[in-house]
Amino acid sequence: MSGYQDKIKEVALRLLKDGSVDMVIGFRKGTLPMMNEPCFIRRPEDVHQLVWDSNCGINLANYLTDRKEKIAVVAKGCDSRNIVTHIIENKIKRENLHIIGVPCQGMVDKRRIISEFGDTLLDVADDGENLKIKIHGSEKSLKKTDVLQSNCAACIHRNPVLFDELAGELVPEQAGVDRYAEVNRVEAMSPQEKWQYFEDLLSPCIRCYACRNACPLCYCPTCFVDESRPQWVGKSQDPIDIRTFHFLRAYHCAGRCTDCGACERACPVGIKVRQFTSKLNKDAFEMFGWEAGMTLDERPPLDTYKPNDPNDFIK
Amino acid sequence: MNLMEHMGIEPGRLQFSWISSAESTKFVDVVKTVTASVKALGPNTTYNKQAVKVA
């Protein structure tokens, strides 16, 4: 981990010093344990702030939208796929980017650690394999692979797909993981059970839109939920309005979502927001053989027509 | 449509058709099948926002 961090700093310093970029987007320590925050480094003397560990789950592609300056960005596998999606959707120019690829071994699910140790954590340190958790008067060690975010545990694209240089050796991709286990579980339910499942899932939602704000795909200047002429969806806490927001937002991510987990990570009440997008990811994969952001050379299935597009649903 | 059914809309309640303005008979057939399948499912009790009750 510290190897990655040193390399990221070294690259950032070089790029800022020789003026090849105006800004480096990376992570710095947050004010609480496990809460690294995105940071925008413009001066070589600020490079020391940059960090890298297992709490860099925020998707930095989110901060690239419509930027005009030269930017170096630190990118995990999923971030790099979202950068590809951004380039395809003309939200950023490839030539303005210097991508510092970080082969990723998964990010830690901070909620699981907080639920186990309470919020009196003093510090969580990370040596790549294990987490050292400091609470008042004692210290505990956890295996990192046991506390990964659910999307990271089932990730098969840990290495960046697009990068100018790497912060470390490429890591082996996971094999034999079931990416759609949760989706399959819900698919096996009856319609009434499914309805109830999502009713329970969304019941704590306060419509803060943190999921939308954390999502690199949600870059519309005015989101459909904020419009009032016409008003597409009710703005209330009515369960139907909440559900409409979540499933419409998911549809906007169809064939674009890279399953980075930013939405779930951002949710203040811990809703498994990925339950919606995972289904669409599975459909995109099964119907179009498509995984978002894997290549710059192919248009996404939902903005191209192919004679063999599945259309059995049209009667 | 898959996501709608995934979150609990009964299969058959949501249907898609492509009917040309010249296909009057197809239009009638589709309307018949859609109404029959929706009637068989009964009223939509789930995805249905109740109007606000004003005292």
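Rules used in this analysis
- Residues numbered from 1 in each chain as written.
- Chains lettered and ligands numbered in written order.
- Predicted model: local features only at pLDDT ≥ 70, side-chain atom pairs only at ≥ 80, totals over all residues.
- Heavy atoms only, no water.
- Helix = DSSP H or I, 4+ residues; strand = E, 2+ residues; numbered from the N terminus.
- Rg over C-alpha atoms; globule rule 2.2 N^0.38 Å.
- Buried < 20%, exposed > 50% of the residue type's maximum accessible area, 1.4 Å probe, protein only.
- Contact = heavy atoms within 4.5 Å.
- Areas by Shrake-Rupley, 256 points an atom, 1.4 Å probe, with all protein chains shown as cover.
- Lys, Arg positive; Asp, Glu negative; His and termini not counted.
- Charge placed at Lys NZ, Arg CZ, Asp CG, Glu CD.
- Phe/Tyr/Trp six-rings, centres within 6.5 Å; stacked < 30°, edge-to-face > 60°.
- Lys NZ or Arg CZ within 6 Å of the ring centre and 35° of its normal.
- Buried area = accessible area lost by both parts, 1.4 Å probe.
- Salt bridge = Lys/Arg side-chain N within 4 Å of Asp/Glu carboxyl O.
- Polar contact = N/O pair within 3.5 Å; in protein donor to acceptor, adjacent residues only side chain to side chain.
- Nonpolar A, V, L, I, M, F, W, Y, C, P; charged D, E, K, R; others polar.

**Student:** Could you give me a rundown of the overall build of chain A, with the residues and numbers involved?
**Tutor:** Counting its regular elements, chain A contains ten helices and nine strands. A compact globule built from 315 residues should have a C-alpha radius of gyration of about 20 Å, and chain A, at 20 Å, falls within 12% of that. Looking at the 315 residues of chain A, the share that counts as buried comes to 52%. For chain A, the proportion of contacts with a sequence separation of at least 24, taken over those separated by at least 6, is 66%. Accessible area of chain A: about 15,000 Å², with a carbon and sulfur share of 52%. Looking at charge distribution, chain A has the averaged site of its 43 positive side-chain charges lying 2 Å from that of its 46 negative ones.

**Student:** Would you mind going over the packing of aromatic side chains in detail, with residue names and values included?
**Tutor:** Within the structure shown, the criterion is met by nine aromatic pairs over all chains. Aromatic pair A:Phe247 and B:Tyr47: ring centres 5.9 Å apart, planes at 70°, arrangement edge-to-face. Highlighted residues: A:Phe247 in helix 8 (residues 239–252) and B:Tyr47 in the segment after helix 2 (24–41), drawn from two different chains. Its relative accessible area of 17% is what places B:Tyr47 among the buried residues. Ring-pair connections join several aromatic residues into one group, and the members of that group are A:Trp195, A:Phe247, A:Tyr251 and B:Tyr47. Across from the ring centre of A:Trp195, 3.4 Å away, lies the NZ or CZ of A:Arg243, which sits over that ring.

**Student:** Which residues make up the interface of chain A and chain B, and what values go with them?
**Tutor:** Contacts between the two partners involve 26 residues from chain A and, on the opposite side, 19 residues from chain B. In total, chain A and chain B occlude about 2,000 Å² of area from one another, counting both sides; carbon and sulfur atoms represent 67% of this. Three residues stand out in chain A for area buried against chain B, namely A:Trp195, A:Phe313 and A:Lys315, and they jointly supply 28% of the buried area on that side. The interface formed by chain A and chain B holds one salt bridge in total. Ionic pairing is found between B:Lys49 and A:Asp241, a salt bridge with its closest N-O pair at 2.8 Å. The interface formed by chain A and chain B includes six residue pairs in polar contact (both at pLDDT 80 or more). With seven residues, helix 8 of chain A is the single largest residue contributor to the side of chain A that touches chain B. Of the residues belonging to the side of chain A that touches chain B, the class tally is 14 nonpolar, four polar and eight charged.

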